[in-house]
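The chain contents come next:
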Amino acid sequence: MQVSIACTDHNLKRGNGDHSKQSASSPNVVNQARAKFRTVAIIARSFGSFAPRHISLKESTGKHTGMKYRNLGKSGLRVSCLGLGDTDISVCCVLTSRQVAEQLMTIAYENGVNLFDTAEVYAGGRRSSIVITTKLYWGGKAETERGLSRKHIIEGLKGSLQRMQLEYVDVVFANRPDSNTPMEEIVRAMTYVINQGMAMYWGTSRWTAMEIMEAYSVARQFNLIPPVCEQAEYHLFQREKVEVQLPELYHKIGVGAMTWSPLACGIISGKYENGIPECSRASMKSYQWLKEKIVSEDGRKQQAKLKELNHIAEKLVCTLPQLAVAWCLRNEGVSSVLLGTSNPEQLTENLGAIQVLPKMTSQVVSEIDHILGNRPYSKKDYRS
């Protein structure tokens, strides 16, 4: 199981007493925050500050950029509806990975983004000023390793915090555990991390609805802390979980949705319309599965649908990627959409989706549904 960690503007203010004594909107605080971001590399699931205690730097920036902020599930965390996700820095980039990453972070930050989600596994294991994900596993194969999951988590988080020069982080996300790991062990470990002041909340990533519900039930049974958010894949061609399963969990237990891959690993970007370009993600050996998916029969059908969707984008005076991201944002059950990007130009384009959101009327959404032909039906639809 992989565990990723997140920190916020609130961390900066709490970690430095001088920050809390100044106005949150003053230029000095903004500059200090940016410098802190670059210096100690805290890009990794960065969440908004606690409302209504003070106005986040991101909230004030959002007034000028149009960025919207939503609560993460039913928790008190405020996140920008667009976040910076897995940055796929291609080997074809002229700049070094660190330079590109810092450019991406700066662009996102200055556009009101307060949610950063990058992991070292995404960048092929390279570690730089922005790579701060800790990989941990629930137990091992050896007899002596079993039952040590809690220790692995604690030591892993301590090491990450030490590298970031931070006392605590706001959220710990746990990737889907293996079937041999008892749910009670997972929830107890996460609760311990929070009770020790190493994190404020914990969430799940790629868990099934049944697993999330089980974690919640275990937490309630043993007076432990349940997860507040699930990270799930969501895009034009992947809808069932986010549009049917997670809304039910939100209303039942308050678990929110943070989604990733709004462009389906680049498939929706339009770059694969005429094949696999060089230096694209699908051209890399490690993404052979993506290439096979694109050239398959279903892949060709998807490309045909994207051509039709492009006509809608043209009518809305936006690009196809902007339309796709705005389509994800139109779902009010989604707290934030994580943008995966490889260069500053692409990030700037995708951030423009916030301007397209008001154009996503019911008529436009219906046109998109008609082209896709994959709208899932919830219990509410059946009742009506």
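Residues numbered from 1 in each chain as written. Predicted model: local features only at pLDDT ≥ 70, side-chain atom pairs only at ≥ 80, totals over all residues. Heavy atoms only, no water.

**What to know about the overall build of the chain**
Consideration 1: Secondary structure assignment for the chain yields 16 helices and 10 strands.
Consideration 2: Buried positions account for 54% of the 384 residues belonging to the chain.
Consideration 3: Taking contacts inside the chain between residues at least 6 apart in sequence as the whole, the part at least 24 apart equals 77%.
Consideration 4: Approximately 17800 Å² of the chain is accessible, and the part contributed by carbon and sulfur atoms is 49%. (Helix = DSSP H or I, 4+ residues; strand = E, 2+ residues; numbered from the N terminus. Buried < 20%, exposed > 50% of the residue type's maximum accessible area, 1.4 Å probe, protein only. Contact = heavy atoms within 4.5 Å. Areas by Shrake-Rupley, 256 points an atom, 1.4 Å probe, with all protein chains shown as cover.)

**Remarks on the nonpolar core**
Consideration 1: Grouped together as the largest cluster of nonpolar side chains are 85 residues, with contacts concentrated most on Leu 82, Trp 202, Leu 309, Leu 323 and Ile 368.
Consideration 2: Looking at this core element by element, the count peaks at eight residues for helix 12 (residues 320–329).
Consideration 3: For Ile 368, the contacting residues outside a window of four places in its chain are Leu 236, Leu 309, Ile 312, Leu 323, Trp 327 and Met 360.
Consideration 4: The next biggest cluster of nonpolar side chains, apart from the first, holds 10 residues, and it includes Leu 77, Val 171, Val 228 and Trp 260. (Core = buried A, V, L, I, M, F, W, Y, C linked by side-chain atoms within 4.5 Å.)

**Focus on the pattern of salt bridges**
Consideration 1: This model, assessed by the stated rule, comprises seven salt bridges.
Consideration 2: For Arg 239, the salt bridge goes to Glu 243, with nearest N and O atoms at 3.0 Å.
Consideration 3: Since its relative accessible area comes to 4%, Arg 239 is described here as buried.
Consideration 4: Judged by relative accessible area, which is 16%, Glu 243 ranks as buried.
Consideration 5: For Glu 243, the salt bridge identified is with Arg 330, shortest N-O distance 3.3 Å. Here the residue Glu 243 occupies a position in helix 9 (residues 240–253), and Arg 330 occupies one in the loop between helix 12 and strand 10 (334–339), the gap between them amounting to 87 residues. (Salt bridge = Lys/Arg side-chain N within 4 Å of Asp/Glu carboxyl O.)

**What about the packing of aromatic side chains?**
Consideration 1: Tallied over the full model, the rule gives three aromatic pairs.
Consideration 2: Aromatic pair Tyr 287 and Trp 289: ring centres 6.0 Å apart, planes at 40°, arrangement tilted.
Consideration 3: Here Tyr 287 falls in the buried class, since its relative accessible area comes to 18%.
Consideration 4: Of note, Lys 74 hangs over the ring of Tyr 250, and the distance from its end group to the ring centre comes to 4.9 Å.
Consideration 5: The ring of Trp 327 carries Arg 330 above its face, with NZ or CZ at 4.2 Å from the centroid. (Phe/Tyr/Trp six-rings, centres within 6.5 Å; stacked < 30°, edge-to-face > 60°. Lys NZ or Arg CZ within 6 Å of the ring centre and 35° of its normal.)

**Focus on the pairing of strand 9 (residues 256–260)**
Consideration 1: Within strand 9, five of the five residues are buried, which leaves the element mostly enclosed by the surrounding structure.
Consideration 2: The β-α-β motif built from strand 8 (residues 229–233), the intervening helix 9 and the parallel element strand 9 has right-handed crossover chirality.
Consideration 3: Note: strand 9 against strand 10, three bridges, orientation parallel. Counted as the bridge partner of Met 258 is Ser 336 from strand 10. (Right-handed = clockwise from strand over helix to strand, strands pointing away. Pairing = 2+ DSSP bridges.)

**Points about the environment of Glu 211**
Consideration 1: Within the fold, Glu 211 resides in helix 8 (residues 209–221).
Consideration 2: Placed 28 residues apart in sequence, Glu 211 and Met 183 show a C-alpha to C-alpha distance of 8.3 Å.
Consideration 3: Apart from residues lying up to four places away in sequence, Glu 211 is in contact with Arg 176 and Met 183.
Consideration 4: A polar contact is formed between the side chain of Glu 211 and the backbone nitrogen of Thr 208, at a distance of 3.0 Å. (Polar contact = N/O pair within 3.5 Å; in protein donor to acceptor, adjacent residues only side chain to side chain.)

**Concerning the packing of helix 7 (residues 183–195) against helix 8**
Consideration 1: In contact at an axis separation of 9 Å, helix 7 and helix 8 are set at 65° when each is read in the N-to-C sense. Considering the angle they form, helix 7 stands roughly perpendicular to helix 8. Two packed elements cross with a definite hand, and for helix 7 against helix 8 that hand is right-handed. Of the residues in helix 8, those touching helix 7 at Met 183, Glu 184 and Val 187 are Glu 211, Glu 214, Ala 215, Val 218 and Ala 219.
Consideration 2: Split by residue class, the contact of helix 7 with helix 8 holds five nonpolar, no polar and three charged. (Axes fitted to C-alpha atoms, helices over the stretch in contact; angles between N-to-C directions. Parallel < 35°, antiparallel > 145°, perpendicular 65-115°, else oblique. Left-handed = near helix turned anticlockwise from the far one by under 90°. Nonpolar A, V, L, I, M, F, W, Y, C, P; charged D, E, K, R; others polar.)

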